[in-house]
Amino acid sequence: MSQISYGKVVLSFFLNTTIIGAMANVAVAQNINGFNITNYGIGDFAGWATVGGVIPLTGDFNKDGRTDVALLNQSSGWTTMPVAFAQGNGTWQITNYSIGDFAGWATVGGVSPLTGDFNKDGRTDVALLNQSSGWTTMPVAFAQGNGTWQITNYSIGDFAGWATVDGVSPLTGDFNKDGRTDVVLLRQNSGWTTMPVAFPK
Ligand SMILES: [Ca+2]
Ligand SMILES: [Ca+2]
């Protein structure tokens with residue numbers, strides 16, 4: 001080791017920093033090389049998706065890290081909320097479990113479905129915010145992970161009325177970093193100076 005020359009040390013340092021620099025560049029400039037296309041069956045889910053008033057919602061409803069697709073019927077006649085659970089290879093596993101009273105609430109005019117993990121269990125849930133009038137609550141269908149849902153319907157106080165004001169857009173996000181999705185009301189007509197938040201507790 002005593003034979004290592006100053007020049008070799010400099011060369012080694014140069015090569016190492018160059019290689020590390022090149023690796024950093026590769027990480028920053030990472031790209032894709034196209035798409036792998038799949039096209040697998042979804043059974044009854046295909047027909048359900050064609051029903052009038054059905055809204056597709058995305059989220060990880062079973063906390064496996066893969067985004068799934070749910071169908072919420074905002075017209076009438078359904079008592080369930082089907083889910084196509086992504087299997088990761090382009091195939092899907094279909095469930096179709098009851099959502100109780102939530103099904104009827106979803107059909108009320110002016111109701112907007114909002115997705116998020118409102119209870120921090122890692123599974124995406126679905127909330128219903130009524131932007132017309134008459135409600136004092138914001139129902140939530142909590143995903144249980146196996147395609148079933150647990151329904152709650154808690155008061156949101158003044159927030160319910162504010163949601164019905166013209167020009168109000170509901171936005172979801174974790175605004176206090178507690179792991180639970182919150183709901184914000186941003187008014188895009190003039191007249192408000194505030195931005196209300198509903199934090200799940
Ligand atoms: Ca999933
Ligand atoms: Ca959840």
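Residues numbered from 1 in each chain as written. Chains lettered and ligands numbered in written order. Predicted model: local features only at pLDDT ≥ 70, side-chain atom pairs only at ≥ 80, totals over all residues.

S.K.: Outline the overall build of the protein, supporting the account with residue identities and numerical values.
M.R.: Check the secondary structure of the protein and you find 4 helices and 11 strands. Taking all 201 residues of the protein together, 20% fall into the buried category. The contacts of the protein with a sequence gap of at least 6 include a subset with a gap of at least 24, amounting to 35%. (Helix = DSSP H or I, 4+ residues; strand = E, 2+ residues; numbered from the N terminus. Buried ≥ 20, exposed ≤ 12 C-beta atoms within 10 Å, placed from the backbone. Contact = placed C-beta atoms within 7 Å.)

S.K.: For the pairing of strand β4 (residues 92-98), give the residues involved together with the corresponding values.
M.R.: Every other side chain in a regular strand lies on the same face of the sheet, so the side chains alternate between the two faces. Sheet analysis places strand β3 (residues 80-86) next to β4, joined by 7 bridges and oriented antiparallel. Pairing of A84 across the sheet is with I94, part of β4. Hairpin connection of β3 to β4: 5 residues between the antiparallel strands, including G88 at a positive phi of 100°. (Pairing = 2+ DSSP bridges.)

S.K.: Any details on the sheet that holds strand β11 (residues 197-198)? Residues and values, ideally.
M.R.: One open sheet accounts for 3 strands, arranged β9-β10-β11; its pairing is antiparallel. Of all strands in the sheet, those with a lone pairing partner are β9 (168-173) and β11, marking the two edges. In the sheet, β9 pairs with strand β10 (residues 182-187) via 6 bridges, with the strands oriented antiparallel. Directly across from G173, in β10, lies its bridge partner D182.

S.K.: For the sheet that holds strand β2 (residues 68-73), give the residues involved together with the corresponding values.
M.R.: Taking strand neighbours across the sheet as the criterion, the 4 strands line up as β1-β2-β3-β4 in an open arrangement whose pairing is antiparallel. Of all strands in the sheet, those bounded by a partner on one side alone are β1 (54-59) and β4. Shown here is a sheet whose adjacent strand axes are inclined to one another by a mean of 20°, direction ignored. Sheet topology note: the β1/β2 ladder contains 6 bridges and is antiparallel. Residue pairing across strands places G59 opposite D68, the latter belonging to β2. (Axes fitted to C-alpha atoms, helices over the stretch in contact; angles between N-to-C directions.)

S.K.: How would you summarise the nonpolar core if you had to cite specific residues and measurements?
M.R.: Counting residues in hydrophobic clusters, the biggest one holds 27 residues, and the most contacted among them are A70, M81, I99, A127, L129, M138 and A141. Elements with a contribution of two residues or more to this core: β2, β3, α3 (101-105), β6 (125-130), β7 (137-143) and β10. Ranked by residue count, the leading element in this core is β3, at 5 residues. (Core = buried A, V, L, I, M, F, W, Y, C linked by C-beta atoms within 7 Å.)

S.K.: Outline unusual backbone geometry, listing residues and values.
M.R.: For K63, which is not glycine, the phi dihedral falls at a positive 60°. As for its position among the elements, K63 is in the loop between β1 and β2. Residue class for K63 comes out partly exposed when judged on the 13 C-beta atoms lying within 10 Å of it. At K120, a position not held by glycine, the phi torsion is positive, near 60°. Among the structural elements, K120 can be located in the loop between β5 (111-116) and β6.

Honestly, it's all geometry; don't read function into it.
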